[in-house]
Amino acid sequence: MASSPLKPHWEQPSHPAVLEVVIGAVDGAGEFSSKSVSKVTLPPFGLFANLSFPPCTMAEEPTYATVQCGKNKHLDLNSDLLYINHSCEPSLIFDTASQTVIAGPKGLVPGDELTFFYPSTEWSMAQPFDCLCGKPTCRGRISGARDMTKEQLEGMWLNGHIRELLAEQEQQSSETRDTVSEDLYDTDQTAQALRDALQHAEKVVEAARTALMCYARTTRTQQHKGVNGTNGIKAAANGHINGNSANGHHSNGHAANGCYNGASTAIGAVTGSLRRGPTSRELSGEMGGDTIDVV
Ligand SMILES: [Zn+2]
């Protein structure tokens, strides 16, 4: 794999019927370059070579010369197949499950450069490199499928172990996202304060509505009977206001004075809130009679 200087330890040529190795000159960066070209015509997905054992052997660990063939399995090719370079638009597919190398969807003709998409087998490469394939879809830095985006892998043929590893990676990152957003929800005090403020505002609206209804009824009663509000109505108003104050938070003193004070309490709470904005004490449910300005 790749452009590292190879010292073949196998008898060459290893695949003379299908593959020709072309050794290039040392390039400007002092890198040794090599490539391989096809000697055969193949239909789409036609069999190019087998990944047989031998010459393949299992590798102890990934190196620039290994091909990954499982989540934690790597093989040494020990043949001229090692001269098959990476391309972002490859001519070959390395299918490690069936231990075959097959032509890509366009097939092969003699003289085609033999290439495959390294991230289709490699999760995390021992020697990342900058791809110079020059194709319109070139991915640039190639370091294995682990570091590529969904878009970069879109439409590419990938081995089963790479698909499994991508699914695990996706699962882990979505679990991380869930944990982070839950933590944020629990600890975000601004969000909590706003939820409390909304709850409080709803109570104030309800108290004002109740007080208004009560006040209107009292006024009518006074007009009809010519007397001050009755105990019954005061008690009702008291009940309403206390109910709306909820959670044992007072305003009892005001409400006990009847509908008018109840209305004042509600109005005061609203105008107070508008003037100052809710304080943190109010947000935490401590809105009391003392803090309310009667208008
Ligand atoms: Zn490329």
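Residues numbered from 1 in each chain as written. Predicted model: local features only at pLDDT ≥ 70, side-chain atom pairs only at ≥ 80, totals over all residues. Heavy atoms only, no water.

Peer 1: Can you walk me through the overall build of the protein in this structure?
Peer 2: Along the protein, the regular secondary structure elements total seven helices and 12 strands. Buried residues in the protein amount to 38% of all 295 residues. Long-range pairs, those at least 24 residues apart, make up 61% of the contacts in the protein with a sequence separation of at least 6. Summed over all atoms, the accessible surface of the protein reaches about 16,800 Å², with 54% contributed by carbon and sulfur. (Helix = DSSP H or I, 4+ residues; strand = E, 2+ residues; numbered from the N terminus. Buried < 20%, exposed > 50% of the residue type's maximum accessible area, 1.4 Å probe, protein only. Contact = heavy atoms within 4.5 Å. Areas by Shrake-Rupley, 256 points an atom, 1.4 Å probe, with all protein chains shown as cover.)

Peer 1: Would you mind showing me how to read the packing of aromatic side chains here?
Peer 2: The geometry of an aromatic ring pair is captured by two quantities: the separation of the ring centres and the angle between the planes. Within the structure shown, the criterion is met by three aromatic pairs. Taking the centre distance of 3.9 Å and the plane angle of 20° together, the rings of Phe94 and Phe116 count as stacked. Taken together, the residues Phe94 in strand S8 (residues 92–95) and Phe116 in strand S10 (residues 115–116) connect sequence positions 22 residues apart. Grouping residues by exposure puts Phe94 and Phe116 together as buried. With a centroid separation of 4.9 Å and an interplanar angle of 50°, the aromatic rings of Phe116 and Tyr118 are classed as tilted. Pair check on accessibility: Phe116 and Tyr118 agree, each one buried. (Phe/Tyr/Trp six-rings, centres within 6.5 Å; stacked < 30°, edge-to-face > 60°.)

Peer 1: Is there a simple way to think about the coordination of the zinc ion in this case?
Peer 2: Under perfect tetrahedral coordination by four donors, a metal shows angles of 109.5 degrees; under perfect octahedral coordination by six donors, it shows angles of 90 or 180 degrees. Protein coordination at the zinc ion: the donors are Cys88 (SG), Cys131 (SG), Cys133 (SG) and Cys138 (SG), at 2.2 to 2.4 Å from the metal. What the four donor atoms of the zinc ion show is an angle range of 104 to 113° at the metal, which sorts the shape as tetrahedral. All donors to the zinc ion come from one chain, and their sequence spacing reads C-x42-C-x1-C-x4-C. With relative accessibility at 30%, the residue Cys138 sits in the partly exposed group. (Donors = N, O, S within 2.8 Å, 3.2 Å for Na, K, Ca; no water. Tetrahedral: all angles 85-135°; square planar, octahedral: opposite > 155°, others 65-115°.)

Peer 1: Whenever I open this one, the sheet that holds strand S6 (residues 73–76) confuses me. Can you help?
Peer 2: Through backbone hydrogen bonds, the strands of a sheet pair up, either in parallel or in antiparallel fashion. What the three strands build is an open sheet, ordered S4-S6-S5; its pairing is antiparallel. Edge strands, defined here as strands with exactly one partner in the open sheet, are strand S4 (57–58) and strand S5 (66–70). Here S4 pairs with S6 via two bridges, running antiparallel. Its bridge partner lying in S6, Met58 is registered against Leu75. (Pairing = 2+ DSSP bridges.)

Peer 1: So what exactly am I meant to see when it comes to the sheet that holds S8 here?
Peer 2: In spatial order, the strands read S3-S9-S8; together these three strands make up an open sheet with antiparallel pairing. Of all strands in the sheet, those with a lone pairing partner are strand S3 (47–50) and S8, marking the two edges. Each strand of the sheet is rotated relative to its neighbour by a mean of 20°, with strand direction disregarded. The sheet contact formed by S3 and strand S9 (residues 100–103) spans three bridges and is antiparallel. From the neighbouring strand, Ala49 faces S9, where its bridge partner is Val101. (Axes fitted to C-alpha atoms, helices over the stretch in contact; angles between N-to-C directions.)

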